[in-house]
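The lines below spell out each chain.
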Amino acid sequence: MIFKSIRDGKFKNTRLSTKLIITYFLLTVVPMGLLSILAYYEYTKSIENQVGEYIPKLLKQANHNIENNLDELEKLPELIYSSSDVMAVLRDDTMKNQSQSQQDKFVVESFLTNTYLDKSNEILGAFLLSKNRSFVSSRIPYNGFNLENSSLPYGEEHALGEKMEILLPNQANLKFEGNPPYLFVMKQITDFDNRKSLGTILLAVKLSFVEKILSDLEEKDNATMWVMDENGKVIFHTNPSKIGSIFNELNEYPLVNGSFQTVEQTEKTLISINRSSIHKWILVHSIPLKYLTKDTDVVKNVTVFAFIILVFITTTISIFLAWTVTKPIKKLGHIMQEVEEGNLNVSIPNHSRDEVGILAHSFDSMITKIRELIRKNYSIELRQKDAELYALQSQINPHFMYNTLQTISMAVEEGESKTVVEMVTILGRMLRYSLSNKEHLVPLSDEISHIEDYLKIQKFRFEERLSFDIQVQPDKELYFTPKFILQPIVENSIKYGLEKRKGLRIEILVQELISERGDHDLLFVIRDNGPGISKHRLEEINLDMQTDPIGKRESGFGMLNVHSRVKMMFGSNYELKIMSIEEKGTEITIQIPTITKSKVTQFLSRGSDTYEEAN
């Protein structure tokens, strides 16, 4: 489902906490589970391999021990040659009466008892067959052994030579009381004088030595062991009922020596076999794998239990960590949503120094700056509107209008019709220029024409007391300038200059220059020979312009208004400067950037407050 969500692209819309938990699950729980399964599988496989290699070695050793015991059994029949009385009885083939026959029987059976039964508890019975006579010494009762039993080889007809033959119980039909597992060790007795056969001795030997050897290997109640000959006939089996049966599956076994796994009755079983080199006996060990891996099952159960506990603990920790990580993010998201809806008066409590804390701190700083910018822009906007209103009021100064109209009235009375026509024309042009207040920037030629008209009007009023000179070096039609930046300066010069001087000369120079920053700027120079400004007052004016560049309407200085508008429109790199020497005159410079018509459109579309950033 997770991979389907990733394929469908839905995972990216999942909650961050869910992503963290899923990521934890994929990166920790799944690898830990796979590692546990792999470790359990490899550990079990290692156990099986070790047991598979170890048991055949034990079987080989057990086979070797069995062969040693059989070698010892092979020597037992040789003991009969040590008794001259027994050998004499066996050589004697004359007809005897019953008393002599009983005497011979007593001699032979006493030897059998003393030699075999009394010296080894493993021998159940000793049977000697010779010339249609049988001599028996048995430890426990038996039946099925008599001369009429054709299953037993009797006498010299069965020529074995020097070899020993082993017979299984089912080959002799001899059964002892209690049916103990046994085998017959059969060997022919040869007269060394004439190499004739004197008979056959059979020793019934309990298979307890095999059982004892195998008991060291047997896993009680779990493993099954048996010994069989190369034809699959079972000689010994942990289940006595199978002794003497034929194990047909032997031909299906892939190995003669070693271990392999097979399935017996839907149960996986490890079978280990070893074949002796002398008697060709095959020793088989069979045990279900579940008993071999029972210890690993404990490990598995402990591992599963520990895995579940660890998953529970780590999952709890991961959920807590995911909640801890996502909580401040969620809180920050809610606050951002409030800001998006317009509420900037938010507070972000942040006490951490992690990535989320840094993000919250940055966002809080950004909100604080936005609030400050809004407050500042709002204040600037208010002051700009205030300054523009003041400038507009200056354009239609009532005193100027009154004085101008009075001058026109006097000219009418004196019959100077030409002067009246000229003044009215100039005044009309000035009013038209003043009333077209839609644009902040006007061509330089218009501003120069306006100040020239203004000075001409003043010239009509003050006649010889006022003189002026205007020089414009750059192309007046090419550049633009803020409206009404010259009139307030000239007004101040005329107002304060003619109060203390009989004559006043005003010089206006406009030139283009390259600033220290490499920009092309326009420089307006308004110079007069008036009384100048005292040093103390000049310091106050400069201080006002530095501490409050926007200026206050109450300041009463038109040049402060010009300075404010220049700062607002073009930034802190542009300003109005005052140089004045008391009783010598005053020089005021206004520096603005060169603004062509294309820049005017660009400037007006961005707004005046972004001009400095754009440059």
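Residues numbered from 1 in each chain as written. Predicted model: local features only at pLDDT ≥ 70, side-chain atom pairs only at ≥ 80, totals over all residues. Heavy atoms only, no water.

1. Here's the deal with the overall build of the protein chain
Here is the rule: Secondary structure follows DSSP: runs of H or I at least 4 residues long count as helices, runs of E at least 2 residues long count as strands, and numbering of each begins at the N terminus. Relative accessible area decides the class of each residue, using a 1.4 Å probe on protein chains only: under 20% of the type maximum gives buried, over 50% gives exposed, and in between gives partly exposed. Pairs of residues are marked as contacts when any of their non-hydrogen atoms sit within 4.5 Å. Throughout, the Shrake-Rupley method with a 1.4 Å probe supplies accessible areas, and for residues the shown protein chains are the sole cover considered.
Secondary structure summary: the protein chain contains 16 helices and 19 strands in total. Evaluated residue by residue, the protein chain yields a buried proportion of 40% over its 615 residues. Put simply, 63% of the contacts in the protein chain that link residues at least 6 apart link residues at least 24 apart. Total accessible area on the protein chain is roughly 35300 Å²; 54% of this is exposed by carbon and sulfur atoms.

2. Observations concerning the sheet that holds strand β1 (residues 123–130)
By way of backbone hydrogen bonds, the strands of a sheet pair with one another, either parallel or antiparallel. Short version of the rule: Between any two strands, pairing holds if DSSP finds at least two bridges. Fitting a line to C-alpha atoms yields each axis, with helices limited to the stretch in contact; the angle taken between N-to-C directions then spans 0 to 180 degrees.
Taken together, the five strands give an open sheet; going across it, the order is β2-β1-β7-β6-β4, and neighbouring strands pair in antiparallel fashion. Taken across any chain shown, the strands that pair with only one partner, and hence form the sheet edges, are β2 (133–138) and β4 (164–167). The average angle at which neighbouring strand axes cross in this sheet is 20°, direction not considered. With six bridges connecting them, β1 and strand β7 (residues 196–206) associate as antiparallel partners. Note on β7: the bridge partner recorded for L128 is I201. Lying over the sheet, helix α2 (residues 16–75) contacts β4, β6 (182–191) and β7, oriented at roughly 115° with respect to β4.

3. Focus: the sheet that holds strand β16 (residues 504–514)
As summarised here, the arrangement of the five strands in space is β14-β16-β17-β19-β18, forming an open sheet in which the pairing is mixed. On the outer flanks of this sheet lie β14 (466–472) and β18 (576–581), each paired with one strand and no other. Neighbouring strand axes in the sheet, compared pairwise and without regard to direction, differ in orientation by 15° on average. Sheet topology note: the β16/strand β17 (residues 520–528) ladder contains nine bridges and is antiparallel. Of the residues in β17, the one forming a bridge with E507 is R527. Packing against the sheet, helix α14 (residues 558–570) makes contact with β18 and β19 (585–593), and its axis sits at approximately 20° to β19.

4. A few points about the nonpolar core
Our working rule: Throughout this description, the term nonpolar core refers to a set of buried Ala, Val, Leu, Ile, Met, Phe, Trp, Tyr and Cys residues connected via side-chain atoms within 4.5 Å.
In terms of nonpolar packing, the biggest core is built from 50 residues, with I494, F524 and I590 touching the most fellow members. Sort the elements by how many residues they give to this core and helix α11 (residues 444–462) lands first, with seven residues. Those residues in contact with F524 that lie beyond four places of it in its chain are L444, T481, I485, L486, L509, V510, I588, T589, I590 and I592.

5. Here's the deal with the side chain of S272
As a reminder of what qualifies: Whenever two N or O atoms come within 3.5 Å, that pair is a polar contact, provided that in protein one can donate a hydrogen and the other can accept it, and provided that, for residues adjacent in sequence, both atoms are side-chain atoms.
Tracing the chain through its elements places S272 in strand β11 (residues 267–275). Among the polar contacts listed, one links the side chain of S272 to the side chain of S259, at a separation of 2.7 Å. Once residues lying within four places of it in the same chain are set aside, the contact partners of S272 are I55, P56, L59, G258, S259, L283, V284 and H285.

6. A closer look at the pairing of strand β8 (residues 224–228)
Of all five residues that make up β8, four are buried, and the element is covered over most of its length. As paired strands, β8 and strand β12 (residues 282–288) are joined by five bridges and run antiparallel to one another. Opposite M228, over in β12, you have I282 as the bridge partner. Pairing analysis gives three bridges linking β8 to strand β9 (residues 234–237), with the strands arranged antiparallel. For V227, the partnering residue across the bridge sits in β9 and is F236. As consecutive antiparallel partners, β8 and β9 are separated by five residues, and within that stretch G232 has a phi angle of approximately 90°, a positive value.

7. A look at α2
Put simply, the rule is: Between the first and last residue of a helix there are one fewer steps than residues, each counted as 1.5 Å, and that sum is the expected span. Throughout, bend refers to the angle between the axes fitted to the seven residues that end at a position and the seven residues that start at it.
The terminal C-alpha atoms of α2 lie 87 Å apart, and with 60 residues this matches the ideal 88 Å at 1.5 Å per residue to within 8%. Along its length, α2 shows its largest kink, about 35°, at F25.

8. Let's talk about a nonpolar patch on the surface
Worth spelling out the cut-off: A patch is a set of surface residues, each over 30% in relative accessible area and not in a salt bridge, joined within 9 Å for like charges and within 5 Å for the nonpolar side chains Val, Leu, Ile, Met, Phe, Trp and Tyr. One side-chain nitrogen of Lys or Arg within 4 Å of one carboxyl oxygen of Asp or Glu is enough to make a salt bridge.
A surface patch of nonpolar side chains, about 870 Å² in accessible area, is lined by F305, I309, F312, I313, I317, F320, L321 and W323. Following the sequence through the fold, F305 ends up in helix α7 (residues 294–340). The exposure class of F305 is exposed, given its relative accessible area of 58%.

9. Comments concerning the pattern of salt bridges
The final tally for this structure, using the stated rule, is 13 salt bridges. One salt bridge in this structure joins E78 and K187, with 2.0 Å as the shortest N-O distance. Taken together, the residues span a long stretch of sequence, with E78 in the loop between α2 and α3 (84–91) and K187 in strand β6 at a distance of 109 residues. A residue is classified by how much of its surface remains accessible, and K187, at 6% relative accessible area, is buried. Between K577 and E575 there is a salt bridge; the shortest N-O distance is 4.0 Å. By relative accessible area, K577 is classed as partly exposed at 46%. Among the residues examined, E575 registers a relative accessible area of 28% and is labelled partly exposed. Among the ionic contacts, a cluster of salt bridges with common partners joins R505, E507, R527 and E587.

10. Section: unusual backbone geometry
The backbone phi angle of F484 is positive, close to 60°, even though this residue is not glycine. Mapped onto the elements, F484 comes out in the loop between β15 (480–482) and α12 (487–500). If you check the backbone angles, E583 has positive phi at about 70° while not being a glycine. Residue position: E583 is located in the loop between β18 and β19.

11. Quick notes on a negative patch on the surface
Short version of the rule: Under this rule, positive means Lys or Arg and negative means Asp or Glu; His and the chain ends count for nothing. Note that the charge is assigned to NZ on lysines, CZ on arginines, CG on aspartates and CD on glutamates.
Residues E413, E414, E416, E463 and E464 make up a contiguous surface patch of negative charge. As for its placement among the helices and strands, E414 is situated in the loop between α9 (398–413) and α10 (417–435). For E414, a relative accessible area of 54% corresponds to the exposed category.

12. Some points on the environment of T589
Checked against the element boundaries, T589 lands in strand β19. Residue T589 is classed as buried on the basis of its relative accessible area of 12%. Every residue in contact with T589, bar those within four places of it in the chain, is listed here: L523, F524, V525, E575, L576 and K577.

13. Let's talk about α9
This is how the line gets drawn: Here the arc refers to the set of directions running from the helix axis out to each C-beta atom.
In this model α9 runs 22 Å from its N-terminal to its C-terminal C-alpha over 16 residues, within 8% of the 22 Å that 1.5 Å per residue would give. Taken as a whole, α9 has its buried residues at F400, N403, T404, T407, I408 and A411. Burial along α9 is one-sided: seen end-on, the buried residues are contained in an arc of 135°. Set apart from the buried face of α9 by more than 90 degrees, the exposed residues are P398, H399, Y402, V412 and E413. For α9, the secondary structure elements touched by its buried residues are α10 and α11. Of the residues flanking the end of α9, it is G415, one or two places downstream, whose phi is positive at about 75°.

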